Amino acid sequence: METMFASFTSSGITVSSFLICSLVALLCGALIAFTYTRRTRFTQSLVLAVILLPFAVQTVIMLVNGNVGTGVAVAGAFGLVRFRSAPGNAKDISVIFVAMAVGLACGSGYIALSVLFTVIACAVLYLLVFFHIGADRSGEKELSITIPESLDYTEVFDDIFKEYTTHAELTEVKTTSLGSLYKLHYRMRLADDRNEKEFLDALRCRNGNLEVRCGQPHTPVEQL
């Protein structure tokens, strides 16, 4: 045991300094993960990664004796492994890099700086999400309507769209159920969001009570 601690301290790393840096890194990672889970969708795997990543990066930096170039190269490879197997959006990637920066600061011995950076980053992240900065405020929605093949879809809903929407554009038409049904996809904007149920009821009466779906426009997942 004494030999193990002797080799541990011979590299300039003491047990107490390692434990302090590790504790701060884990607490900062937990704070970042907790802030990220407020008012946003998340997965357990990302939360666990954000909590452990500062600790892992801090350990790597300490093992390379503060050689930032080597440490960032190794830790960066670890940090981006997730995005080789699962698509990640820009917000996930930003949180990953914040966690890496905290680990880099802890591993370099800047404990106070890492805590201050974590507090500022978490505050900015929470405010951006809370005030919906960058969110789509256009009010545009995606509408899907199933109709029987006997209906002429070109003008069958024009009067309903005129009454309840300010804009409606047919973007896609496809057949289903061996050609006995059509699925129409629209991009539209309601004149008054409070009339959404009334609008959907009018569509259901017109299409024979077949499926009608209305939701936010689908956007492809951003990949690294």
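Cut-offs and rules
- Residues numbered from 1 in each chain as written.
- Predicted model: local features only at pLDDT ≥ 70, side-chain atom pairs only at ≥ 80, totals over all residues.
- Heavy atoms only, no water.
- Patch = residues over 30% accessible without salt bridge, like charges linked within 9 Å, V, L, I, M, F, W, Y side chains within 5 Å.
- Areas by Shrake-Rupley, 256 points an atom, 1.4 Å probe, with all protein chains shown as cover.
- Salt bridge = Lys/Arg side-chain N within 4 Å of Asp/Glu carboxyl O.
- Buried < 20%, exposed > 50% of the residue type's maximum accessible area, 1.4 Å probe, protein only.
- Phe/Tyr/Trp six-rings, centres within 6.5 Å; stacked < 30°, edge-to-face > 60°.
- Helix = DSSP H or I, 4+ residues; strand = E, 2+ residues; numbered from the N terminus.
- Pairing = 2+ DSSP bridges.
- Axes fitted to C-alpha atoms, helices over the stretch in contact; angles between N-to-C directions.
- Expected span 1.5 Å × (residues − 1).
- Bend = angle between axes of the 7 residues up to and from the residue.
- Core = buried A, V, L, I, M, F, W, Y, C linked by side-chain atoms within 4.5 Å.
- Contact = heavy atoms within 4.5 Å.
- Left-handed = near helix turned anticlockwise from the far one by under 90°.
- Nonpolar A, V, L, I, M, F, W, Y, C, P; charged D, E, K, R; others polar.

Asks: Would you take a moment to explain a nonpolar patch on the surface for this structure?
Replies: A contiguous nonpolar surface patch, about 830 Å² in accessible area, is contributed by Leu116, Ile120, Val124, Tyr126, Leu127, Leu128, Phe130, Phe131 and Ile133. Since its relative accessible area comes to 33%, Phe130 is described here as partly exposed.

Asks: I keep staring at the packing of aromatic side chains and nothing clicks. Help me out?
Replies: Following the criterion strictly, the structure yields eight aromatic pairs and no others. Ring centres 5.9 Å apart and planes at 20° place the aromatic pair Tyr126 and Phe130 in the stacked group. Of the two residues, Tyr126 and Phe130 both sit in helix α7 (residues 111-130), four residues apart, roughly one turn of that helix. With a centroid separation of 5.7 Å and 50° between ring planes, the pair formed by Tyr153 and Tyr182 is classed as tilted. Of this pair, Tyr153 sits in the loop between β1 (140-148) and α8 (158-164) while Tyr182 is found in strand β3 (residues 181-190), placing the two residues 29 residues apart along the sequence.

Asks: Teacher, can you tell me more about the sheet that holds β3 here?
Replies: The strands that make up a sheet pair up through hydrogen bonds in the backbone, lying either parallel or antiparallel. Judged by pairing direction, the sheet is antiparallel, and its four strands sit side by side in the order β2-β3-β1-β4 without closing on themselves. Both edges of this open sheet fall to β2 (165-176) and β4 (212-215), since each of them pairs with a single strand only. Strand-to-strand, the axes of this sheet are offset by a mean angle of 15°, without reference to chain direction. As paired strands, β2 and β3 are joined by 10 bridges and run antiparallel to one another. Of the residues in β3, the one forming a bridge with Ala168 is Met188.

Asks: Would you take a moment to explain the pattern of salt bridges for this structure?
Replies: Close approach of charged atoms lets side chains of opposite charge pair. Following the criterion strictly, the structure yields eight salt bridges and no others. With a closest N to O distance of 2.9 Å, Asp201 and Arg204 form a salt bridge. With a gap of three residues between them, Asp201 and Arg204 both fall in helix α9 (residues 196-206), about one helical turn apart. The class of Asp201 is partly exposed, set by a relative accessible area of 23%. A network of salt bridges, in which partner residues are shared, links Glu140, Arg187 and Arg189.

Asks: What exactly am I supposed to notice about unusual backbone geometry here?
Replies: Most peptide bonds are trans, and most residues other than glycine sit at a negative phi. At Leu178, a position not held by glycine, the phi torsion is positive, near 60°. Within the secondary structure, Leu178 is located in the loop between β2 and β3. Overall, Leu178 belongs to the exposed group, its relative accessible area being 92%. Here the phi dihedral of Asn209 falls at roughly 65°; this positive angle occurs in a residue that is not glycine. Among the secondary structure elements, Asn209 is positioned in the loop between α9 and β4.

Asks: I tried to follow helix α3 (residues 44-63) on my own but got confused; where do I start?
Replies: Helical geometry: 3.6 residues make up each α-helical turn, so side chains three or four residues apart lie on a common side. Here α3 is 20 residues long and its end C-alpha atoms lie 29 Å apart, about the 28 Å a rise of 1.5 Å per residue gives. Along α3, the largest kink reaches about 35° and is centred on Leu52; proline Pro54 follows within four residues of it. Considered for burial, the residues of α3 that qualify are Leu46, Val47, Val50, Leu53, Pro54, Val57, Gln58, Thr59, Val60, Ile61 and Met62.

Asks: Before we go on, may I ask you to explain the nonpolar core in this structure?
Replies: The nonpolar side chains of a soluble globular protein tend to be buried, and buried together. Membership of the largest hydrophobic core comes to 21 residues, with the highest contact counts inside it found for Ile32, Val50, Leu53 and Val95. If you list the elements that add at least two residues to this core, you get α2 (15-36), α3, α6 (90-107) and α7. Membership of the second largest hydrophobic core comes to 14 residues, among which are Phe161, Met188, Leu190 and Leu203.

Asks: Help me out: how do you make sense of the environment of Pro54 in this one?
Replies: Note that Pro54 resides in helix α3. The class for Pro54 is buried, based on a relative accessible area of 0%. Residues Pro54 and Gly107 lie 53 residues apart in sequence; the distance between their C-alpha atoms is 8.9 Å. The residues touching Pro54, leaving out its near neighbours within four places in the chain, are Ala25, Gly29, Ala99, Val102 and Gly103.

Asks: How do you make sense of the environment of Gly179 when you look at a structure like this?
Replies: Note that Gly179 resides in the loop between β2 and β3. Sequence separation between Gly179 and Pro148 is 31 residues; the distance between their C-alpha atoms is 9.1 Å.

Asks: I tried to follow the packing of α3 against α6 on my own but got confused; where do I start?
Replies: Orientation of α3 relative to α6, taken along the N-to-C sense of each, is 30°, at an axis distance of 7 Å. Helix-helix and strand crossings are classified by hand; for α3 and α6 the assignment is right-handed. For the pair formed by α3 and α6, the contact residues are Leu46, Val50, Leu53, Pro54, Val57, Gln58, Ile61 and Met62 on the first element and Asp92, Val95, Ile96, Ala99, Met100, Val102, Gly103, Leu104, Cys106 and Gly107 on the second. Its residues assigned to classes, the contact of α3 with α6 shows 14 nonpolar, three polar and one charged.

Nothing here speaks to function; it is all geometry.
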